[in-house]
Amino acid sequence: MKRILIAIVAIIVSVAISAQMAGFKKGTPSAATWSAKIEMTGKSAGKLILTMTPSKGWHIYGFDMEPGGPKAMTANFDKSTGVKFKGDFKASVAPVKAHDEVFGTDVTYWSGKVVLTREFTVTDLKNAKIEGEVGYQGCNDETCTAPQRYKVSLTLPAEKK
């Protein structure tokens, strides 16, 4: 009888832990939502536009970070073809710069929507494709995410006739 009771308790605990882990994976909040689009500004010029909106209560770290702090945002679009980028991304709003006691260093971050734009020229319209990813990390008042990635794969809009 004792063995049966122990087996039943073990099964109940195992099922409860599995359900909790499945719920944790499904219910883990996203630190931010992203969208990407291309805006053509001329026949052979355009802008890659990334819009990032942190989830409520979260902030996403910026491109400039001191050593020892959280993971800085990165953007790698080296896999793009048929386009040549001009300069770095420009943010619609400057990130907040503050000293973070947890990391013991100055950090930059956005806690509201930011639009990141990067200009490009088209070098080969037939094969033009923008491909890459943004690496980022976010925190709220209780926890931080592991470094995350937002992947981008866009083709240029067809030329209007």
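These figures come from a predicted structure and were not determined experimentally.

Draft legend 1. Examining the packing of aromatic side chains more closely. All chains considered together, the criterion is met by seven aromatic pairs. Between Phe-85 and Phe-120 the ring centres are 6.2 Å apart and the planes differ by 75°, which places this aromatic pair in the edge-to-face class. Taken together, the residues span a long stretch of sequence, with Phe-85 in strand 5 (residues 83–91) and Phe-120 in strand 8 (residues 114–122) at a distance of 35 residues. Looking at Phe-85, the relative accessible area reads 17%, which means it is buried. Here a set of aromatic residues connected by ring pairs shows up, and it is made of Phe-77, Phe-85, Phe-89 and Phe-120.

Draft legend 2. Geometry of the sheet that holds strand 1 (residues 32–42). Across the sheet, four strands lie side by side as 1-2-8-5; this open sheet has antiparallel pairing. The open sheet has two free edges, formed respectively by strand 1 and strand 5, since each of these has just one partner strand. Looking at each pair of strands side by side, their axes are set apart by 20° on average, direction ignored. In this sheet, strand 8 lies alongside strand 2 (residues 45–54) in antiparallel orientation, the contact comprising eight bridges. Pairing of Ile-49 across the sheet is with Thr-117, part of strand 8.

Draft legend 3. Examining the sheet that holds strand 6 (residues 96–100) more closely. A sheet is described by the order of its strands in space; here four strands give the open sequence 6-7-3-10, paired in antiparallel fashion. Of all the strands in the sheet, just strand 6 and strand 10 (138–139) have a single pairing partner and so form its edges.

Rules used throughout
- Residues numbered from 1 in each chain as written.
- Predicted model: local features only at pLDDT ≥ 70, side-chain atom pairs only at ≥ 80, totals over all residues.
- Heavy atoms only, no water.
- Phe/Tyr/Trp six-rings, centres within 6.5 Å; stacked < 30°, edge-to-face > 60°.
- Helix = DSSP H or I, 4+ residues; strand = E, 2+ residues; numbered from the N terminus.
- Buried < 20%, exposed > 50% of the residue type's maximum accessible area, 1.4 Å probe, protein only.
- Pairing = 2+ DSSP bridges.
- Axes fitted to C-alpha atoms, helices over the stretch in contact; angles between N-to-C directions.

The quantities given are spatial measurements derived from coordinates; they are silent on function.
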